[in-house]
Amino acid sequence: MIPFDYHRAEDVASAVALVSSNPEAAFLAGGTNLVDRMKLGVAQPTLLVDISRLPLDTVDVQEDGRVRIGTNVRNADLAANTVIRSRYPALSQALLAGASGQLRNLATTGGNLLQRTRCVYFQNPTTPCNKREPGTGCSALEGYTRYHAILGASEDCVATHPSDMAVALAALDAAVVVKGPAGERVLPVSDLHRLPGNEPQKDTVLDHGELITAVELPPAPARSAYRKVRDRASYAFALVSVAAALELDDDDTAVPVIRDVRIALGGVAHKPWRALQAEAVLRGAVATEANFRAAADAELLHAETLNGNGFKVPMVRNTLAAVLRDLTGTAGPDASAPGTDHPEGPAGPEDAGWEDVNS
Ligand SMILES: Cc1cc2nc3c(=O)[nH]c(=O)nc-3n(C[C@H](O)[C@H](O)[C@H](O)COP(=O)(O)OP(=O)(O)OC[C@H]3O[C@@H](n4cnc5c(N)ncnc54)[C@H](O)[C@@H]3O)c2cc1C
Ligand code: SF4
């Protein structure tokens, strides 16, 4: 680790001023990602501005039903919050699926959103990586790709975004409140992260020195859930994850109709992936296995797999169907019924262009 200066911020304005005026400065929240990167030599800030004592650590329910989450709310506290648990189960489930108990006690809302990819080449300064060092190449393309993207990647970077919480927030239609030198702006969380294109070094649309001060949730959907598939039951990043938020037309009918739905996928792209094609298939459709599978197929039409991650295509299909079954209270697939089970899944068209629907 190289030497660095440390400053504990007293207020938001001075924190923003200090970081935005110094290209080598960084905000320090829980430190569970930034300090790791500093130890690895992947991040080398010369000034750390500690924001963890700023009074941005409450979860407030507004009169209109919106919920405002301060950026310093710890992941463990947010997961346990009674409003979040009862009204936004997808968010609570996503937080509890992320990292370990000890890490969640330190990790913050803002820091979780802005953690960087866990691509093994990004974390190893001895290997070429366009995200860490633009123009050096992408080691993953010919390397270990089990955790890498199948949607929205570019020839310059095939990394995935690691946050579970961000996937739930995308399905819940959350917004991010950002304070910069020029004032405050609010943007949908789906617009916060970006696809790699030919600038994979940029994870988000934030300018250097912009501080996330809060996340805002709209009034809660009727039903929501998050499911994560990973290599082991203890802490591990997602191979694939699905967050969904649903409104049904009539909960009492035998086969409900999906009035509205928002879906986000994790572990498949450089950002939490809003499954807009799947949503379009499902909106107004009856909640049947065939429609769940058709929705997944529509979303995966342009999936492009690498040598080590082809399994993600059927994994997304099966996980999405499972989440939708749970949320709609419908039965699982009848193995004897033709057309409802797709263990292999279609390969994405080999010559498909890079998908840009989420850009
Ligand atoms: C072993 C291990 C396993 C993990 N497993 C998972 C997992 O399964 N799922 C998952 O989602 N995460 C996982 N994580 C990641 C963990 O969740 C993140 O490290 C954590 O959420 C980051 O939060 P932090 O407050 O510690 O951020 P920090 O490390 O302090 O900051 C992260 C980045 O965000 C910037 N930043 C922080 N706050 C702000 C702000 N308010 N505004 C602007 N910039 C800001 C910092 O400058 C830094 O660049 C794992 C981590 C480890 C070490
Ligand atoms: S996938 Fe992205 S982060 Fe990983 S080596 Fe390639 S450029 Fe770097």
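Per an unreviewed UniProt entry, the protein chain goes by Xanthine dehydrogenase family protein subunit M and derives from Arthrobacter zhaoxinii.

Novice: Just checking my understanding: could you explain the site of ligand 1 for this structure?
Specialist: With respect to spatial proximity, 33 residues lie near ligand 1, and among them Phe27, Gly31, Thr32, Thr108 and Asp164 are the closest. At a separation of 2.7 Å, an oxygen atom of ligand 1 approaches a polar backbone atom of Gly31. Interatomic distance of 2.7 Å between a side-chain N/O atom of Thr108 and an oxygen atom of ligand 1. Taken by itself ligand 1 offers 970 Å² of open surface, and the protein chains cover 93% of this. Within the residue set of the shell around ligand 1, elements represented by two or more residues are helix H2 (34-40), helix H7 (109-113) and strand S8 (211-217). Grouping the amino acids of the shell around ligand 1 by side-chain chemistry returns 14 nonpolar, 13 polar and six charged.

Novice: What is the right way to read the layout of surface pockets from this model?
Specialist: The method is simple in principle: a probe with the dimensions of a water molecule rolls over the atoms, and the space it marks as empty is what remains. In this model, the second largest pocket occupies a volume close to 290 Å³. Lining of the second largest pocket is provided by 21 residues; of these, Arg118, Cys119, Tyr147, Thr160 and Phe237 occupy positions nearest its centre. Classifying every residue of the lining of the second largest pocket by side-chain character gives eleven nonpolar, eight polar and two charged.

Novice: Is there a simple way to think about the site of ligand 2 in this case?
Specialist: Within the structure, ligand 2 sits among 14 residues, and Cys119, Cys129, Cys138, Cys157 and Val158 are positioned closest to it. A majority-of-atoms criterion places ligand 2 in the largest cavity. A per-class count over the shell around ligand 2 returns nine nonpolar, three polar and two charged.

Novice: How should I be thinking about helix H5 (residues 89-96) in this particular structure?
Specialist: Count 3.6 residues to each turn of an α-helix, and residues three or four apart come out pointing the same way. Within H5, six of the eight residues are buried, which leaves it mostly tucked inside the rest of the structure. Residues Pro89, Ala90, Leu91, Ser92, Ala94 and Leu95 constitute the buried set of H5.

Novice: Please clarify how the packing of helix H10 (residues 289-300) against helix H11 (residues 312-328) should be interpreted in this entry.
Specialist: Each packed pair of helices is defined by two parameters, the angle between the axes and the distance between the axes. Between H10 and H11, whose axes approach to 9 Å, the crossing angle comes to 140°. Taken together, the axes of H10 and H11 are oblique relative to one another. For H10 against H11, the interelement crossing comes out right-handed. Contact residues: H10 offers Glu289, Phe292, Arg293, Ala296, Asp297 and Leu300, while H11 offers Val313, Val316, Arg317, Asn318, Leu320, Ala321, Leu324, Arg325 and Thr328. Grouping the constituent residues of the contact of H10 with H11 by class yields eight nonpolar, two polar and five charged.

Novice: Sorry, what's going on with the sheet that holds strand S11 (residues 258-266) here?
Specialist: Adjacent strands of a sheet form backbone hydrogen bonds with each other and so pair up, either parallel or antiparallel. Across the sheet, which stays open at both edges, the four strands sit in the order S9-S10-S11-S12 with antiparallel pairing between neighbours. Bordering the open sheet on either side are strand S9 (223-229) and strand S12 (273-274), each of which pairs with just one other strand. In this structure, S11 lies alongside S12, joined through two bridges in antiparallel fashion. Each bridged residue has a counterpart across the sheet, and for Ala264 the counterpart in S12 is Arg274. Contacting S9, strand S10 (240-248), S11 and S12, helix H8 (residues 164-171) crosses the sheet at an angle of about 160° to S11.

Novice: Would you take a moment to explain the pattern of salt bridges for this structure?
Specialist: Pairing between side chains becomes possible if they bear opposite charge and their charged atoms approach one another. Per the stated rule, a full pass over the model turns up 17 salt bridges. A salt bridge links Lys202 to Glu199; the nearest nitrogen and oxygen atoms lie 3.4 Å apart. Looking at Glu199, the relative accessible area reads 30%, which means it is partly exposed. Between Asp326 and Arg227 there is a salt bridge, and its shortest N-O distance comes to 2.7 Å. Taken together, the residues span a long stretch of sequence, with Asp326 in helix H11 and Arg227 in strand S9 at a distance of 99 residues.

Novice: Would you explain the side chain of Thr145 in this entry?
Specialist: For Thr145, the position within the fold is in the loop between H7 and H8. Those residues in contact with Thr145, other than ones at most four positions away along the chain, are Ala140, Leu306, Asn307, Gly308 and Asn309.

Novice: Hey, could you run me through unusual backbone geometry in this one?
Specialist: The backbone of Ala99 sits at a positive phi, close to 60°, despite the residue not being glycine. Along the chain, Ala99 falls in the loop between H5 and helix H6 (101-106). Residue classification places Ala99 among the partly exposed positions, given a relative accessible area of 35%. Even without a glycine there, the phi angle at Asp173 is positive, about 65°. The residue Asp173 is located in the loop between H8 and strand S6 (175-180) in this model. Asp173 gets classed as partly exposed once you look at its relative accessible area, which sits at 39%.

Novice: What is the right way to read empty space enclosed by the protein from this model?
Specialist: Inspection of the entire model under this criterion finds four cavities of 30 Å³ or more. Its boundaries defined by the atoms lining it, the largest cavity holds a volume of some 90 Å³. For the largest cavity, the lining is made up of 16 residues, of which Cys119, Cys129, Cys138, Cys157 and Ala159 are closest to its centre. Counted by class, the lining of the largest cavity contains ten nonpolar, four polar and two charged residues. If you add up the space inside the second largest cavity, you get close to 50 Å³. Taken together, Gln115, Thr117, Lys131, Thr160, His161, His193, Asp203 and His270 make up the full set of residues lining the second largest cavity. Looking at the lining of the second largest cavity residue by residue, the class counts come to no nonpolar, six polar and two charged.

What counts and how
Residues numbered from 1 in each chain as written. Chains lettered and ligands numbered in written order. Predicted model: local features only at pLDDT ≥ 70, side-chain atom pairs only at ≥ 80, totals over all residues. Heavy atoms only, no water. Near = heavy atom within 4 Å. Polar contact = N/O pair within 3.5 Å; in protein donor to acceptor, adjacent residues only side chain to side chain. Areas by Shrake-Rupley, 256 points an atom, 1.4 Å probe, with all protein chains shown as cover. Helix = DSSP H or I, 4+ residues; strand = E, 2+ residues; numbered from the N terminus. Nonpolar A, V, L, I, M, F, W, Y, C, P; charged D, E, K, R; others polar. 1 Å grid on protein atoms, 1.4 Å probe; cavity = no way out; pocket = protein on both sides within 12 Å on 5 of 7 lines; lining within 4 Å. Points joined across faces, edges and corners; volume = space filled by probe spheres on them. Sits in = over half its atoms within 2 Å of the grid points. Buried < 20%, exposed > 50% of the residue type's maximum accessible area, 1.4 Å probe, protein only. Axes fitted to C-alpha atoms, helices over the stretch in contact; angles between N-to-C directions. Parallel < 35°, antiparallel > 145°, perpendicular 65-115°, else oblique. Left-handed = near helix turned anticlockwise from the far one by under 90°. Contact = heavy atoms within 4.5 Å. Pairing = 2+ DSSP bridges. Salt bridge = Lys/Arg side-chain N within 4 Å of Asp/Glu carboxyl O.

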